[in-house]
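# Results of the structural survey
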Amino acid sequence: MFNDIGPLELVTLIVLAVLVFGPDKLPKVIQDVMRTVRKIREFSESAKQDIRQELGPEFKDFELEDLNPKTFIRKQLDNDDLGLKEIRNGFDLKKEMAEVTDAVQGRDTETSTAPSASPASSGARVDMTKKPDERPPFDADAT
């Protein structure tokens, strides 16, 4: 809980507590705070037990931290019932990206024996700025 408090900050908090509460009232304040923290922990533990009893035996490993969406998704993805690890291990991203790059740049990744009829499928560049030789028929009723 207080993992990010350094020694200088801790000394500052102690000095501040002594100045605010005084040396004679400080032990009583610390006891009251500790008693309150214990009661809150007991209350939260009893609430967890009540939730587990109400949900039944299929939720015996239920934790309130599982209600956090990131934790829930991480826990579900680690579950191997769906076979996600096999899919993840069988997917080679570098190979897929190389194939996509080759396809975009017009390189053939496989050697084809049959010539293709259209220039786009054979890997030849198509000039998109060139106008077609004839215009498509105009249908006045369609507009």
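Residues numbered from 1 in each chain as written. Predicted model: local features only at pLDDT ≥ 70, side-chain atom pairs only at ≥ 80, totals over all residues. Heavy atoms only, no water.

### Comments concerning the overall build of the protein
Looking only at helices and strands, one finds 6 helices and 0 strands in the protein. When its helices and strands are written in sequence order, the protein yields α-α-α-α-α-α. Looking at the 143 residues of the protein, the share that counts as buried comes to 6%. (Helix = DSSP H or I, 4+ residues; strand = E, 2+ residues; numbered from the N terminus. Buried < 20%, exposed > 50% of the residue type's maximum accessible area, 1.4 Å probe, protein only.)

### Quick word on the pattern of salt bridges
Counting across every chain of the model gives 3 salt bridges. Where Asp-32 meets Arg-35, a salt bridge forms, and the shortest distance between an N and an O atom there is 3.0 Å. Residue Asp-32 and its partner Arg-35 are both found in helix α2 (residues 26-55); the two are separated by 3 residues, about one turn of the helix. Asp-32 gets classed as partly exposed once you look at its relative accessible area, which sits at 30%. What makes Arg-35 partly exposed here is its relative accessible area of 40%. Among the salt bridges present, the one from Glu-45 reaches Lys-48, with a minimum N-O distance of 3.8 Å. A residue pair is termed a helical-turn pair when its members lie 3 or 4 positions apart in one helix, as Glu-45 and Lys-48 do in helix α2 at 3 residues. Take Glu-45: its relative accessible area is 41%, and that puts it in the partly exposed class. Take Lys-48: its relative accessible area is 17%, and that puts it in the buried class. (Salt bridge = Lys/Arg side-chain N within 4 Å of Asp/Glu carboxyl O.)

### With respect to a nonpolar patch on the surface
Together, Ile-51, Leu-55, Phe-59, Leu-64 and Leu-67 make up an exposed nonpolar region whose accessible area comes to about 410 Å². Position of Leu-64 relative to the elements: it lies in the loop between α2 and α3 (69-78). Classification of Leu-64 by relative accessible area gives partly exposed; the value is 33%. (Patch = residues over 30% accessible without salt bridge, like charges linked within 9 Å, V, L, I, M, F, W, Y side chains within 5 Å. Areas by Shrake-Rupley, 256 points an atom, 1.4 Å probe, with all protein chains shown as cover.)

### Considerations on helix α1 (residues 7-21)
Under the 1.5 Å per step criterion, the end-to-end length of α1 is 21 Å for 15 residues, consistent within 8% with the ideal 21 Å. After α1 finishes, the residue Gly-22 shows a positive phi value of roughly 85°. (Expected span 1.5 Å × (residues − 1).)

### A few points about the confidence of the model for the protein
Confidence along the protein averages 76 in pLDDT terms, with 69% of residues attaining 70 or more. Confidence, read as mean pLDDT per element, is least for helix α6 (residues 119-122) in the protein (47) and greatest for α2 (91). A low-confidence stretch, residues 111-122 (pLDDT under 50), is modelled with 6 contacts involving residues beyond four sequence positions or located in other chains. (pLDDT = per-residue confidence, 0-100. Contact = heavy atoms within 4.5 Å.)

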